[in-house]
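Next come the chains, spelled out residue by residue.
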Amino acid sequence: MSVPTSSVDLFSDEVLLDPYPALAELRELNGVVHLPANDVYALTRYDVVRDALGDWETFSSASGIGFNPMVNEALQGTSLASDPPQHTALRAALTENLSPRALRGLKGQIDAKADALVADLVASGSFDAIDSIARAFPLEVVADLIGFTGEVRSKMLVWGKAANQVIGPLNQRTAESFPIAGELYAWCSTVTKGDLAEGSIGRGVFEAEERGAIPPGSAGPIIHQYLAAGVENTVSAIGNIIALFAAHPDQLALVREDPSLVPAAFNEVLRFWAPINVWGRQATRDVEIQGVPIPAGARVAVCLGAGNRDPRHYENPDEFRIERNPVDHLSLGYGIHGCAGQGLARLEAHAVIDALARRVERLVVGAEVRVPHNATRSIDSLPVLDVVPA
């Protein structure tokens, strides 16, 4: 068959602000679509995306997960941009303190922080949901956990946003963000154990390096991943939680009536609005998918958001329904490169959903403001005009 081709530009302002119409168009063309504007083969259907994520030998991260050579070079030495056997040791060090067992003791503390924050905001009656919850909450949690102190703590949001922005192609957004991302890379290349708080996860990474559990020089890149991925994507997810429950108070009422639905609610938020819609891979060999040949060396765009809305897999996928509990959504990846910090992200998101459901009947919000971003689709501002307490 001829190769399905589309003029869609995955990194245009229009698509970044609302990717779902374009992703639906690509998905209906085929499970694999060539995009000359981005020089990629886009994977669009659920089964195709999931299979590719699980096949690291064919769809490699080792040459980089970004869409420009500069960021792929900068990410070398991280678990994001590596495959086994290198990836195995790096991933183990990254996740050692992020396992469910390791995080279990944090749940009460995180729940209490979320409840106090939401209670104060409900009492205030109006606030910006992104500044006051989506940014403030994960910033505090991650900074304490990793051990960031002083000036670094104040730069986390700016650094994290830039580190994700430069994953895109060499467009204006990438060019403007490289100097800021460079500050993060430079800091991570010189950070020492003494720069991080006693008893923190960050110190634990350096101790793993000292005892030979990870290669020499690996601690800095791992700290980079904690900061770059641990804040920006969680900010996006929590902002989406607030916006979606403001738009769908009936779904928030379901959680209030049955708190056991909290995990299902977060799964549906992630499925419905993926924090990251497109991620990169490179084909290591000639491969054919659904009759479409992908040549060795080709850059592949794994369209997570398209797979999450595939009607071949989810019934009425454009509806937000928490009771579907899509535990198999693609937003956190799949296989060996599945999101390493998802346990912490779930603790934070679950705490926010639970606090909202208990304390809020309805949020009256103004217009959400979005700014195009190469990697993370998030809300920049969401004014809460009034709160109807539960």
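Below, the structure is looked at part by part. (Residues numbered from 1 in each chain as written. Predicted model: local features only at pLDDT ≥ 70, side-chain atom pairs only at ≥ 80, totals over all residues. Heavy atoms only, no water.)

It is the contact of helix 5 (residues 86-95) with helix 12 (residues 219-247), at a shortest axis distance of 10 Å, that shows an interaxial angle of 55°. One way to sum up the angle between helix 5 and helix 12 is to call them oblique. Crossing geometry of helix 5 relative to helix 12 is assigned as right-handed. The segment helix 5 lies against helix 12, with Leu90, Ala93 and Leu94 engaging Ile222, Gln225 and Tyr226. A breakdown of the residues in the contact of helix 5 with helix 12 according to their chemical character gives 5 nonpolar, 1 polar and no charged. (Axes fitted to C-alpha atoms, helices over the stretch in contact; angles between N-to-C directions. Helix = DSSP H or I, 4+ residues; strand = E, 2+ residues; numbered from the N terminus. Parallel < 35°, antiparallel > 145°, perpendicular 65-115°, else oblique. Left-handed = near helix turned anticlockwise from the far one by under 90°. Contact = heavy atoms within 4.5 Å. Nonpolar A, V, L, I, M, F, W, Y, C, P; charged D, E, K, R; others polar.)

Our focus in this paragraph is the packing of helix 13 (residues 249-257) against helix 16 (residues 342-359). Their axes nearest at 8 Å, the elements helix 13 and helix 16 cross at an angle of 90°. Relative to helix 16, helix 13 is oriented roughly perpendicular. Between helix 13 and helix 16, the residues in contact are Leu252, Val255 and Arg256 and Ile353, Leu356 and Ala357, respectively.

With that out of the way, let us pick up the sheet that holds strand 12 (residues 383-389). In space, the 3 strands of this open sheet follow the order 4-12-9, with antiparallel pairing throughout. Strands at the two margins of the open sheet, each flanked by one partner only, are strand 4 (127-128) and strand 9 (360-365). As paired elements, strand 9 and strand 12 share 5 bridges and run antiparallel to each other. When the sheet's bridge partners are listed, Leu363 is paired in strand 12 with Val387. (Pairing = 2+ DSSP bridges.)

Let's shift gears to the packing of aromatic side chains. By the definition in use, this model includes 7 aromatic pairs. Centroid distance Trp159 to Trp187: 6.0 Å. Interplanar angle 40°. Geometry classified as tilted. Separated by 28 residues along the polypeptide, Trp159 in helix 9 (residues 150-165) and Trp187 in helix 10 (residues 172-190) bring together distant segments of the chain. The residues Trp159 and Trp187 share a single accessibility class, namely buried. Cluster of aromatic residues (ring-pair linked, three or more members): Phe245, Phe272, Trp273 and Phe320. Looking at Arg50, its charged tip hangs above the ring of Tyr334, at a distance of 3.9 Å from the centre. The ring of Trp273 carries Arg370 above its face, with NZ or CZ at 4.8 Å from the centroid. (Phe/Tyr/Trp six-rings, centres within 6.5 Å; stacked < 30°, edge-to-face > 60°. Buried < 20%, exposed > 50% of the residue type's maximum accessible area, 1.4 Å probe, protein only. Lys NZ or Arg CZ within 6 Å of the ring centre and 35° of its normal.)

It is worth spelling out the environment of Gly150 at this point. You can see Gly150 is positioned in helix 9. For Gly150, a relative accessible area of 57% gives the class exposed.

Moving on, we get to the pattern of salt bridges. For the structure shown, the criterion picks out 22 salt bridges. The residue Asp354 makes a salt bridge to Arg358 at a minimum N-O spacing of 3.0 Å. Taken as a pair, Asp354 and Arg358 lie in helix 16 at a separation of 4 residues, close to a single helical turn. With relative accessibility at 42%, the residue Arg358 sits in the partly exposed group. Between Arg370 and Glu368 there is a salt bridge whose closest N-O contact spans 2.9 Å. The exposure class assigned to Arg370 is buried, which follows from its relative accessible area of 15%. Residue classification places Glu368 among the partly exposed residues on the basis of a relative accessible area of 34%. (Salt bridge = Lys/Arg side-chain N within 4 Å of Asp/Glu carboxyl O.)

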